[in-house]
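Remarks on the overall topology
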Amino acid sequence: MRGGLGLLSTVSPPPPPLRCFSRLRHRSLFSSDILRVKSRKSVWTVRTRAATTMADDQENIGNLRKQVAKLFETSLRATVPEELDVEPLVAACTAKFGDYQCNNAMSLWPRIKGKKTEFRGPPAVGQALMKNLPLSEMVEACSVAGPGFVNVTLSKNWIAKSIQKMLIDGIETWAPRLSVKRVVVDFSSPNIAKEMHVGHLRSTIIGDTLARMLEFSNVEVLRRNHVGDWGTQFGMLIEFLFEKFPDWESVTETAIGDLQAFYKASKQKFDEDPVFKERAQKAVVHLQGGEARYRSAWAQICDISRREFDGVYQRLGVSLEEKGESFYNPYIPSVLEKLSNLGLVEESEGARVIFIEGYERPLIVVKKDGGYNYASTDLSALWYRLNIEKAEWIIYVTDVGQSEHFQMFFKAAKRAGWLPDDDKAYPRTSHVGFGLVLGEDGKRFRTRSTEVVRLADLLDEAKARSKAALVERGKDKEWSEEELDKTAEAVGYGAVKYADLKNNRTTNYTFNFDQMLNDKSMSFISHFCHNAHTCMGNTAVYLLYAHARICSIIRKSGKDIEELKKTGTVALNHPDERALGLHLLQFGETVEEACSNLLPNVLCEYLYNMSENFTRFYSNCQVVGSAEETSRLLLCEATAVVMRKCFHLLGIVPVHKL
């Protein structure tokens with residue numbers, strides 16, 4: 001149900017009492033939030049199983065690092081029983097030393113050397129930690145290196161059994177278990193009467209990916225589209241509608257035409273015609289006063305915009321529930337009254353403001369003319385999300401240019417007692433900032449006429465380029481028109497999404513069709529190549545091709561893969577088989593890292609590395625016709641299953657042939 005229309009009365013519904021932060025109720029962030037990232041290669045330290053940080057104190061069977069850490073927790077209790085607050089510091093490491101490493105010895109030594117102890121340095125502590133590790137079928141070998149680093153090599157048989165179990169039980173068994181239960185992801189948020197442009201692309205696809213990853217992690221996600229559907233601009237739009245279409249009640253979307261052009265024309269008249277401007281200003285009063293004629297016109301304009309937005313969302317495969325500015329408007333007076341009663345709201349130069357420590361300018365919540373603004377709406381939306389929707393984590397996905405606004409309004413919420421002082425505690429808020437989409441000239445991406453690129457036009461071009469490349473290689477003669485069309489959409493839209501998501505979201509990135517979807521990359525699809533990654537690079541085309549190639553291998557084997565799952569056995573005797581198998585098992589901890597740091601590029605990097613691992617495996621290990629055919633077909637299927645889940649989390653539709 002669309003938000004806003006049912007609550008736009010002049011009488012605000014009485015909100016329930018404000019929920020304030022209680023230190024007794026306050027919970028810590030899920031365990032991976034206290035990891036310390038060392039490099040972009042997933043070598044990072046994690047504390048695990050503190051009493052308040054494990055979700056229901058359950059073992060995460062899909063998270064290798066947590067399973068290894070659980071073993072070292074037992075070892076720590078036996079090695080230094082008096083150091084009860086020490087938690088295992090476990091990191092993934094390179095294959096040269098092992099698969100995982102425990103780094104507690106160095107940090108433990110300063111704590112115990114002044115006490116009566118049998119140890120004579122960090123190496124001895126490391127040796128004891130290794131000796132006290134409990135027996136486990138997952139561990140093949142251990143060693144101590146340098147100043148007490150305990151290296152663990154996992155059993156290839158255990159890795160193989162874990163993969164086989166996933167094939168039977170499903171990839172969901174590898175999903176992270178997070179301690180947060182309900183999250184709001186506020187993303188996309190275009191303005192009514194304005195078309196979605198390339199600037200909305202990042203918020204929409206980053207927000208969608210974060211929501212998908214959290215949903216996969218068994219979190220209830222409230223996907224919120226905070227559209228700009230309220231404000232003074234609607235006065236000029238409504239009056240322009242009345243003037244241009246006297247029978248406005250029966251006017252169609254076709255008659256109004258391009259809503260963006262309609263907006264520009266109304267704005268021009270507003271700026272140039274004082275009489276029209278006065279009528280428009282009065283129209284705002286009528287609208288906010290709830291007059292039926294103005295509400296009806298407002299609803300009509302909003303509906304036209306929604307249909308345009310929904311068309312883009314459908315193409316991108318993005319689902320959202322709209323709760324725009326108008327939805328929260330009735331809550332603003334009571335929320336500001338509560339904040340005033342707490343002594344937060346003060347008069348300043350005719351406006352009502354909240355002063356924030358560390359900022360010269362205050363946070364304005366009521367303008368000089370008595371009108372509300374972004375801050376008053378955002379504070380009311382946050383109150384609603386905490387108290388009505390009972391969200392534990394509210395995530396806002398906007399450009400980095402709005403960082404200061406969010407920092408100030410988050411601090412205002414902390415002053416009000418809505419949020420704890422500890423940023424890693426629940427309830428919490430996060431601003432997911434992202435950089436600009438740039439053109440090849442290094443400036444904001446625009447058309448040749450300096451207009452912002454319409455998102456629908458961008459998607460049209462992506463599909464057209466993809467389809468042209470497929471037709472050029474004769475796929476129109478091999479496939480049905482429906483197959484050709486769907487594949488062109490999957491590759492074209494996937495290329496646009498992945499080109500954005502693979503970058504660290506905080507940086508600007510250059511939009512270049514020729515790099516994300518070029519003829520050299522696409523032409524490579526028509527024949528096999530062991531070095532696909534060197535020709536295509538880190539693109540969606542390469543990844544979709546890799547998945548299609550795996551599907552082709554399984555098809556050409558002529559074997560029933562579902563039957564093989566029941567009767568076959570996975571074995572990882574070749575080094576490249578083992579490397580691929582280990583990478584697959586690290587899927588769950590990768591998703592958890594991407595969730596905890598709100599960085600989709602972490603998952604993109606994992607997916608790309610998986611494709612590279614598969615390429616090495618397939619280059620060095622014959623699959624069809626080999627003595628190990630059954631095992632290797634199952635490893636191919638496991639890779640395809642994990643790849644498809646990665647594609648799903650990134651909002652990319654996989655293709656099974658190219």
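In case you missed it, the structure is sitting above this.
Residues numbered from 1 in each chain as written. Predicted model: local features only at pLDDT ≥ 70, side-chain atom pairs only at ≥ 80, totals over all residues. Heavy atoms only, no water.

This part covers the pattern of salt bridges. Tallied over the entire structure, the rule returns 46 salt bridges. A salt bridge links aspartate 99 to arginine 578; the shortest N-O distance between them is 2.5 Å. On the criterion of sequence distance, the pair formed by aspartate 99 in the loop between strand 4 (90-92) and strand 5 (100-102) and arginine 578 in helix 23 (residues 575-585) is long-range, its members being 479 residues apart. There is no split in this pair, since aspartate 99 and arginine 578 are both buried. In this structure, glutamate 389 engages lysine 323 in a salt bridge whose closest nitrogen and oxygen atoms are separated by 4.0 Å. With a gap of 66 residues between them, glutamate 389 in the loop between helix 13 (374-387) and strand 14 (393-399) and lysine 323 in the loop between strand 10 (321-322) and helix 11 (325-328) connect regions that are remote in the sequence. Taken individually, glutamate 389 and lysine 323 each receive the classification buried, so the pair is uniform in this respect. (Salt bridge = Lys/Arg side-chain N within 4 Å of Asp/Glu carboxyl O. Helix = DSSP H or I, 4+ residues; strand = E, 2+ residues; numbered from the N terminus. Buried < 20%, exposed > 50% of the residue type's maximum accessible area, 1.4 Å probe, protein only.)

Turning next to the environment of valine 353. Among the secondary structure elements, valine 353 is positioned in strand 12 (residues 351-354). Looking at valine 353, the relative accessible area reads 2%, which means it is buried. C-alpha of valine 353 to C-alpha of lysine 367: the two residues are 14 residues apart in sequence and 8.6 Å apart in space. Residues within four places of valine 353 in sequence aside, it is in contact with Leu344, Val345, Glu346, Ser348, Pro362, Leu363, Ile364 and Val365. (Contact = heavy atoms within 4.5 Å.)

A word on helix 13. Counted at 1.5 Å a residue, the expected span for helix 13 with its 14 residues is 20 Å, and the 20 Å between its end C-alpha atoms agrees. With 13 of 14 residues buried, helix 13 is to be regarded as a mostly interior element. N-cap assignment for helix 13: the residue whose side-chain oxygen lies 3.2 Å from the backbone N of alanine 375 is asparagine 373. (Expected span 1.5 Å × (residues − 1). Polar contact = N/O pair within 3.5 Å; in protein donor to acceptor, adjacent residues only side chain to side chain.)

Now for the environment of leucine 214. By the secondary structure assignment, leucine 214 is in helix 5 (residues 198-216). Sequence-wise, leucine 214 and alanine 594 are 380 residues apart; in three dimensions their C-alpha atoms are separated by 9.6 Å. Setting aside residues up to four positions removed in sequence, leucine 214 forms contacts with Leu178, Val183, Val185, Val219, Val221, Trp393, Ile395 and Cys595.

What follows deals with the packing of aromatic side chains. On inspection of all chains with the given rule, the structure shows 22 aromatic pairs. An angle of 50° between the planes, with centres 5.2 Å apart, marks the rings of phenylalanine 242 and tryptophan 248 as tilted. For phenylalanine 242, a relative accessible area of 11% puts it in the buried group. A network of ring pairs unites the aromatic residues Phe327, Tyr328, Tyr331, Trp383 and Tyr384 as a single cluster. For arginine 293, the ring lying beneath its charged end belongs to tyrosine 294, and the centroid distance is 5.7 Å. One Lys or Arg, lysine 323, reaches over the ring of phenylalanine 327 and ends 5.1 Å from the middle of that ring. (Phe/Tyr/Trp six-rings, centres within 6.5 Å; stacked < 30°, edge-to-face > 60°. Lys NZ or Arg CZ within 6 Å of the ring centre and 35° of its normal.)

Another point: the nonpolar core. Core analysis: the largest hydrophobic core is formed by 165 residues, its most contacted members being Leu214, Ile395, Leu458, Phe587 and Val642. Top contributing element to this core by residue count: helix 26 (residues 629-649), with twelve residues. In this structure, Ile356, Val365, Trp383 and Trp418 belong to the second largest nonpolar core, which totals 36 residues. (Core = buried A, V, L, I, M, F, W, Y, C linked by side-chain atoms within 4.5 Å.)

Attention shifts here to the state of the cysteines. Within this structure, the stated rule accounts for zero disulfides. Lacking any disulfide linkage, cysteine 621 is separated from the closest cysteine sulfur, that of cysteine 636, by 9.7 Å. With a relative accessible area of 1%, cysteine 621 lands in the buried category. (Disulfide = S-S within 2.5 Å.)

Bringing helix 17 (residues 481-501) into the picture now. Compared with an ideal rise of 1.5 Å per residue, which puts 21 residues at 30 Å, helix 17 spans 30 Å between its outermost C-alpha atoms and is within 8% of the ideal. A large share of helix 17 lies buried, amounting to 15 of its 21 residues.

On to the packing of helix 6 (residues 233-244) against helix 8 (residues 259-272). Helix-helix packing is described using two parameters, namely the angle between the two axes and the distance between the axes. Axis separation between helix 6 and helix 8 bottoms out at 9 Å; the angle between their running directions is 100°. The angle between helix 6 and helix 8 places the two elements in the roughly perpendicular class. The residues of helix 8 that touch helix 6, namely those facing Gln233, Met236, Leu237, Phe240, Leu241, Glu243 and Lys244, are Phe262, Tyr263, Ala265, Ser266, Lys267, Lys269 and Phe270. By residue class, the composition of the contact of helix 6 with helix 8 is eight nonpolar, two polar and four charged. (Axes fitted to C-alpha atoms, helices over the stretch in contact; angles between N-to-C directions. Parallel < 35°, antiparallel > 145°, perpendicular 65-115°, else oblique. Nonpolar A, V, L, I, M, F, W, Y, C, P; charged D, E, K, R; others polar.)

Within the element layout of this structure, serine 162 appears in helix 4 (residues 156-169). Judged by its relative accessible area of 15%, serine 162 is buried. Not counting residues up to four positions away in its chain, the partners in contact with serine 162 are Trp174 and Leu585.

It is worth spelling out the sheet that holds strand 4 at this point. Strand order in this open sheet of four strands is 4-5-7-6, and the pairing throughout is antiparallel. Looking at strand neighbours, the two that pair on one side only are strand 4 and strand 6 (139-145), the edges of this open sheet. Neighbour to neighbour, the strand axes of the sheet diverge by 25° on average, direction disregarded. Judged from the three bridges that link them, strand 5 and strand 7 (residues 149-154) form a sheet pairing that is antiparallel. Each bridged residue has a counterpart across the sheet, and for tyrosine 100 the counterpart in strand 7 is valine 152. Contacts from helix 3 (residues 122-131) reach strand 5, strand 6 and strand 7, with the element oriented near 170° to strand 6. (Pairing = 2+ DSSP bridges.)

The quantities given are spatial measurements derived from coordinates; they are silent on function.
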